[in-house]
Amino acid sequence: MINRRRTLQALGLGALSATGLPGRLSRAAAQSAVDAATFANTLAIPPLETGRLESGVRHYALQVQSGNRQFLPNTSTDTLGINGDYLGPTLLLHRDEQVAFTVNNQLDEATSLHWHGFHLPASEDGGPHQQIGPGQTWSPSFRVMQNGGTFWYHSHVLHNAGEQVFRGLAGMILVNDAAEDTLGLPRDYGIDDIPLIVQDRRFAADGSFSYMSIYDDMVKGMHGDTILVNGTWQPAFQPTTRLVRFRLLNGANARSFTFAFSDGRQFSQVASDGGLLAHPVALSNLELAPGERAEIIADFSDGRDVTLVSLPQQNSFPVFQGAMSRIMRSLNAQSFDLLHISPAATLQDNATLPLQLAAIGRPVISEQMQVRQLRLSMGFGSRSGEDRGPGTGARTGLGGGHGGGHSSINGRMMDIDFINETVPVNTTEIWELTNDSPMAHPFHIHHGQFQILDRNGRLPPANELGWKDTVKVGSGELVRIVMRFEDFPDESNPYMYHCHILEHEDQGMMGQFVVV
Ligand code: C2O
Ligand code: CU
Ligand code: CU
């Protein structure tokens, strides 16, 4: 990997633009096929949990537990998991069904499980207000109102979500619906429909997870140097079909990935966070920030080995003395090999890619719409991230206990006892997201899906024109989103909005709103 980076630098490609890859990359990146020879571990596929249908309600039993897993040769790692030692089963849900969960916490610390991307009552959401104490069981129930797509669930416990997710409390959720059913996309789970939960981790010499052990992580969020995919280190996957659907989940705490194939081949993105796009979008690379998902279709008809990689990103942060410049310039500077792919000798003709996928209209804007402004900020070493307005004083544990950043939204850090915004039910609002900090933040809203209106006044790229629940807001960028707030008015149970860099969330870059 280091050799490849040197090669890239030698070619003057040290700072690649995330779009418009030069053709020269193909040859340089082909080097990774050599590195990939060590990728000998079969990619784990999380078990598919289909639930148990009982008088019209589908039931899922989940146990949050601690465990132990051998990720790396000759060491073992203490972990957390759901119905297993690391991560959880992939939950298969069906649109319009009523689902019920029992979530039993067998840990000796509080936790929660949040259904990321779902439109449901705030009381069933699994955020910081639905904390599950040690030994306790939480039993949420809701109707699945999602379009077919790829979602996920993860710990959302106040000030500690970062560490719990890092240790393993996350899993994927697939939603099926009738419309997606008829399209003929690859959908044989584990065969041609493959979940990829991509995470970076740092291990200590004894094999234990090393969380937040470096100062930089306090600022930019927990970044690891070792990639796990579905909990597998150096994974390999053997396609047995011409087309494969990969369900990409950036399940990292803080790191963005720019997915691409080592030979530069194109692929088609068919779904974003909230389900299918209007039509497939051909790409040669795709950036996902933490919390974002994408479904892509890749074609392995040529039978050639290839590696799924993450490319380094362009970084224009100025060079100056001191830690901040160094930390910001190191962001996403590294490339990674993620998954070695080696197609079988004969490949089944399993699917064709339709030209049209889903009907998605562009949002219609009107003068009457409420506009809310949310400004994402970071403070460094001082309290500069927080204005300390009325109602924010006299609290302990500021900064989420990590002692680093003081992240805030509109100058205010997350306060579990303070409702930041009140949204009238059955309205459509425009939220203007700005970022006055030196790095990008993936902004996520609970309650449902939104659409991106524009980025700095310009239409977003084609693959961002579908349903989203998490959107990257670059440093200095203005991103306008449109969201419909309907159903579930409840003045006593708030929804969250926050940065999905989990350490920023834990440090206070989170707020609460009620729909009334
Ligand atoms: Cu994926 Cu509020 O979280
Ligand atoms: Cu969420
Ligand atoms: Cu952030």
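Summarised in this report is the structure supplied together with it. (Residues numbered from 1 in each chain as written. Chains lettered and ligands numbered in written order. Predicted model: local features only at pLDDT ≥ 70, side-chain atom pairs only at ≥ 80, totals over all residues. Heavy atoms only, no water.)

### Notes on the overall build of the protein
Moving on, step 1. Tallying secondary structure elements over the protein gives seven helices and 34 strands in all.
Moving on, step 2. A buried classification covers 59% of the 516 residues belonging to the protein.
Moving on, step 3. With an accessible surface of roughly 19,300 Å², the protein has 49% of that area assigned to carbon and sulfur atoms. (Helix = DSSP H or I, 4+ residues; strand = E, 2+ residues; numbered from the N terminus. Buried < 20%, exposed > 50% of the residue type's maximum accessible area, 1.4 Å probe, protein only. Areas by Shrake-Rupley, 256 points an atom, 1.4 Å probe, with all protein chains shown as cover.)

### So, the sheet that holds strand β12 (residues 170-176)
Moving on, step 1. Taken in spatial order, the five strands of this open sheet run β2-β6-β12-β11-β8, and their pairing is mixed. Only two strands of the sheet have a single partner each, and these edge strands are β2 (48-49) and β8 (114-116). (Pairing = 2+ DSSP bridges.)

### Quick look at the coordination of the copper ion (ligand 2)
Moving on, step 1. Taken together, the protein ligands of the copper ion (ligand 2) are H114 (NE2) and H444 (NE2), with distances of 1.9 Å. Of this pair, H114 sits in strand β8 while H444 is found in strand β29 (residues 441-445), placing the two residues 330 residues apart along the sequence. The same class applies to H114 as to H444, namely buried. (Donors = N, O, S within 2.8 Å, 3.2 Å for Na, K, Ca; no water.)

### Focus: the coordination of the copper ion (ligand 3)
Moving on, step 1. The coordination sphere of the copper ion (ligand 3) contains the protein donors H441 (ND1), C499 (SG) and H504 (ND1), at a distance range of 2.0 to 2.1 Å.
Moving on, step 2. Between consecutive donor residues of the copper ion (ligand 3), the sequence gaps follow H-x57-C-x4-H. Here C499 lies in strand β33 (residues 495-499) and H441 lies in strand β29, a separation of 58 residues in the sequence.
Moving on, step 3. On the basis of relative accessibility, which here comes to 0%, the residue H441 falls in the buried class.

### Here's the deal with the pairing of strand β23 (residues 306-310)
Moving on, step 1. Where burial is concerned, most of β23 is hidden: five out of the five residues are buried.
Moving on, step 2. Of the two faces of β23, both are covered, the one formed by V306, L308 and S310 as well as the one formed by T307 and V309.
Moving on, step 3. With three bridges joining them, strand β18 (residues 257-261) and β23 adopt antiparallel strand pairing. What sits directly across from F259, in β23, is S310.
Moving on, step 4. In terms of strand pairing, β23 meets strand β24 (residues 336-341) through five bridges, oriented antiparallel. By the bridge assignment for β24, V309 is matched with D337.

### Points about helix α6 (residues 323-330)
Moving on, step 1. All of the buried residues in α6 are M324, S325, I327 and M328. Projected onto a plane normal to the axis of α6, the buried residues spread over an arc of 165 degrees and lie on a single side.
Moving on, step 2. Contact partners of the buried residues in α6: α5 (215-220).
Moving on, step 3. Following α6 by one or two positions, N332 adopts a phi angle in the positive range, close to 55 degrees. (Arc of directions from axis to C-beta. Contact = heavy atoms within 4.5 Å.)

### Considering the packing of aromatic side chains
Moving on, step 1. Under the defined criterion, the tally for this structure stands at 28 aromatic pairs.
Moving on, step 2. Between F71 and Y86, the ring centres sit 4.9 Å apart and the planes meet at 80 degrees, which makes this aromatic pair edge-to-face. Residue F71 is located in the loop between β4 (57-69) and β5 (77-82), and its partner Y86 is located in the loop between β5 and β6 (90-94); the two are separated by 15 residues in the primary sequence. For the residue pair F71 and Y86, the accessibility class agrees, reading buried in each case.
Moving on, step 3. Following the ring pairs from residue to residue traces out a cluster consisting of Y60, F101, W115, F118, W138, F142, F151 and Y153.
Moving on, step 4. The ring of F418 carries R412 above its face, with NZ or CZ at 3.8 Å from the centroid. (Phe/Tyr/Trp six-rings, centres within 6.5 Å; stacked < 30°, edge-to-face > 60°. Lys NZ or Arg CZ within 6 Å of the ring centre and 35° of its normal.)

### Describing the side chain of N105
Moving on, step 1. Take N105: it is sitting in strand β7 (residues 98-105).
Moving on, step 2. Here the side chain of N105 touches L107 through a polar contact of 2.8 Å, landing on its backbone nitrogen. (Polar contact = N/O pair within 3.5 Å; in protein donor to acceptor, adjacent residues only side chain to side chain.)

### As for the pairing of strand β25 (residues 370-377)
Moving on, step 1. Here β25 pairs with strand β28 (residues 427-435) via seven bridges, running parallel. Of the residues in β28, the one forming a bridge with L376 is N435.
Moving on, step 2. Where β25 and strand β26 (residues 408-409) come together, two bridges link them in antiparallel fashion. Looking at β26, one finds that L376 is bridged to I409.

### Digging into the nonpolar core
Moving on, step 1. Within the largest apolar cluster, 33 residues are counted, with the highest numbers of intra-cluster contacts made by W431, L433, F443, I445, I481 and F513.
Moving on, step 2. With four residues, the single largest contributor to this core is strand β32 (residues 478-485).
Moving on, step 3. Each of domain 1 (4-34 + 184-341) and domain 3 (370-515) accounts for three or more of the residues forming this core.
Moving on, step 4. Here F443 is in contact with L374, L376, I409, W431, L433, F450, D469, T470, V471, V473, Y497 and H498, once residues within four sequence places are set aside.
Moving on, step 5. V198, L248, L283 and V306 belong to the second largest nonpolar core, which has 32 residues in total. (Core = buried A, V, L, I, M, F, W, Y, C linked by side-chain atoms within 4.5 Å. Domains from an automatic or database assignment.)

### Quick word on unusual backbone geometry
Moving on, step 1. Of note in the backbone geometry, D96 takes a positive phi value of approximately 75 degrees without being a glycine.
Moving on, step 2. If you trace the backbone, D96 turns up in the loop between β6 and β7.
Moving on, step 3. For D96, a relative accessible area of 46% gives the class partly exposed.

### Things to note about the pattern of salt bridges
Moving on, step 1. Throughout the structure, instances matching the rule amount to 33 salt bridges.
Moving on, step 2. Residues R247 and D193 are paired through a salt bridge, measuring 2.7 Å at the closest nitrogen-oxygen approach. Of this pair, R247 sits in strand β17 (residues 243-250) while D193 is found in strand β13 (residues 193-201), placing the two residues 54 residues apart along the sequence. For the pair R247 and D193, a shared accessibility class is recorded, and that class is buried.
Moving on, step 3. R375 is the partner of D436 in a salt bridge, and the nearest nitrogen-oxygen pair spans 3.4 Å. With D436 in the loop between β28 and β29 and R375 in strand β25, this pair connects stretches of sequence that are 61 residues apart.
Moving on, step 4. It is possible to trace a salt-bridge network through shared partners that takes in E180, D181, R187, D193, R245, R247 and E295. (Salt bridge = Lys/Arg side-chain N within 4 Å of Asp/Glu carboxyl O.)

### Some remarks on the sheet that holds strand β27 (residues 421-423)
Moving on, step 1. If you walk across this open sheet you meet the five strands as β27-β34-β33-β29-β31, and the pairing is mixed. If you trace the sheet from one side to the other, it starts and ends with β27 and β31 (470-473), each paired once. Pairs of neighbouring strands in the sheet enclose a mean axial angle of 25 degrees, with direction left out of account.
Moving on, step 2. Where β27 lies against strand β34 (residues 510-515), three bridges are found, and the strand directions are parallel. Counted as the bridge partner of E421 is F513 from β34. (Axes fitted to C-alpha atoms, helices over the stretch in contact; angles between N-to-C directions.)

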